[in-house]
Amino acid sequence: MFSPGGIISYLDMCKEEGVNLQRGMNFRLRNNFSVILMSLRPGAPYADRVEDGGKTLIYEGHDIPQTKGAPNPKTVDQPMHNPGGTYTQNGLFFDAAGRYKRGRTDPEFVRVYEKIRSGIWAYNGLFQLVDAWQEASNTRQVFKFKLEMIEDASGQVATKSTLEHNRVIPTSVKLEVWKRDKGRCVQCGSADNLHFDHIIPYTLGGSSLVSENIQLLCARHNIAKKDKIE
Ligand SMILES: [Zn+2]
């Protein structure tokens, strides 16, 4: 299993989730976890965003598929149902958020991955789906899903105190660090099993928000560093 900040290939991500991930929203895959793929890179097709200093994600629902002769998906309301009447992925996540809000079920657990560049993804952690709504965007209705982080840096479901410091590293920082460190461990130059490492850990007050405090480390050097601090 990955821990938050882990950098993985597309194939590793698919292997971990047990399916060939083709779409952004994936309701309940293996072990009942849902999976969301996000991209906050410039020009990304959906208006996903990070709020609350990195503890909350607002994820935009998905458009109708692009088909020849049909209207531009960006001009059509995002659909709740498929033509046959079953829920789309928007509908499945929306329904789950609604049942949670009405106190019927526990929140949906959602693992969130973020695209860094072609074939390279970062694991942002485990989130819970706490709210969903529809809102106007230009001339149409889109879905919004609110996800709260619940996993701490060690990959455990966080307690209140460990979550206090936990947050998603902003995309701009991830991209800057990846470029600066040239996609390699700063200690040994390895390009395998990389991780966005906090130079000063956030439990000791180190920031997630500036590239000066983030570096790339391979798994071996990440573990060696953790042992030293503990
Ligand atoms: Zn290394």
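Residue positions are given per chain, counting from 1 as you read along its sequence in written order. The predicted origin of the model limits local features to residues at a pLDDT of at least 70 and limits the giving and counting of side-chain atom pairs to 80 or more, whereas totals for whole chains, interfaces and linings rest on all residues. In computing side-chain values, all of the structure's heavy atoms are included and hydrogens and water are not.

Okay, the side chain of Asn-124 next. Helix numbering and strand numbering both begin at the N terminus, where a helix is a DSSP run of H or I of at least 4 residues and a strand a DSSP run of E of at least 2. Counting through the fold element by element, Asn-124 comes out in strand β7 (residues 120-137). Here Asn-124 falls in the buried class, since its relative accessible area comes to 4%. Any pair of nitrogen or oxygen atoms within 3.5 Å is treated as a polar contact; in protein, a donor-acceptor pairing is required on top of that, and neighbouring residues in sequence qualify only through side-chain atoms on both sides. Within polar-contact distance, the side chain of Asn-124 engages the side chain of Glu-114 at 3.1 Å. Here Lys-174 takes part through its side chain, which lies 3.1 Å from a polar atom of the side chain of Asn-124. Two residues qualify as a contact provided that any one of their heavy atoms is within 4.5 Å of a heavy atom in the partner residue. Residue contacts for Asn-124: discarding those within four places in its chain leaves Pro-4, Met-38, Val-112, Tyr-113, Glu-114, Met-149, Val-168 and Lys-174. In this scheme, a residue with accessible area under 20% of its type's maximum is buried, one over 50% is exposed, and one in between is partly exposed, where area comes from a 1.4 Å probe on protein chains only.

Residue position: Glu-114 is located in strand β6 (residues 108-117). The buried category is assigned to Glu-114, whose relative accessible area is 0%. With 77 residues separating them along the chain, Glu-114 and Leu-37 place their C-alpha atoms 5.7 Å apart. In this view, Glu-114 contacts Met-38, Leu-40, Ile-120, Trp-121, Ala-122, Asn-124, Thr-171 and Lys-174; residues no more than four positions away in its chain are not counted. Here the side chain of Glu-114 touches Thr-171 through a polar contact of 2.4 Å, side chain to side chain. For Glu-114, the side chain forms a polar contact with the side chain of Lys-174, separated by 2.4 Å.

To qualify as a nonpolar core, a set must consist of buried Ala, Val, Leu, Ile, Met, Phe, Trp, Tyr and Cys residues joined through side-chain atoms within 4.5 Å. Core analysis: the largest hydrophobic core is formed by 20 residues, its most contacted members being Phe-93, Leu-129, Phe-145 and Leu-147. Elements represented by at least two residues in this core include exactly β3 (34-38), β5 (56-60), α2 (89-101), β6, β7 and β8 (140-149). At 4 residues, the largest contribution of residues to this core is made by β8. Non-local contacts of Leu-147, meaning those with residues more than four positions away in its chain, are made with Ile-36, Lys-55, Thr-56, Leu-57, Tyr-59, Val-110, Phe-127, Gln-128 and Leu-129. By size, the runner-up hydrophobic cluster in this structure holds 14 residues, among which are Ile-7, Ala-122, Val-173 and Leu-216.

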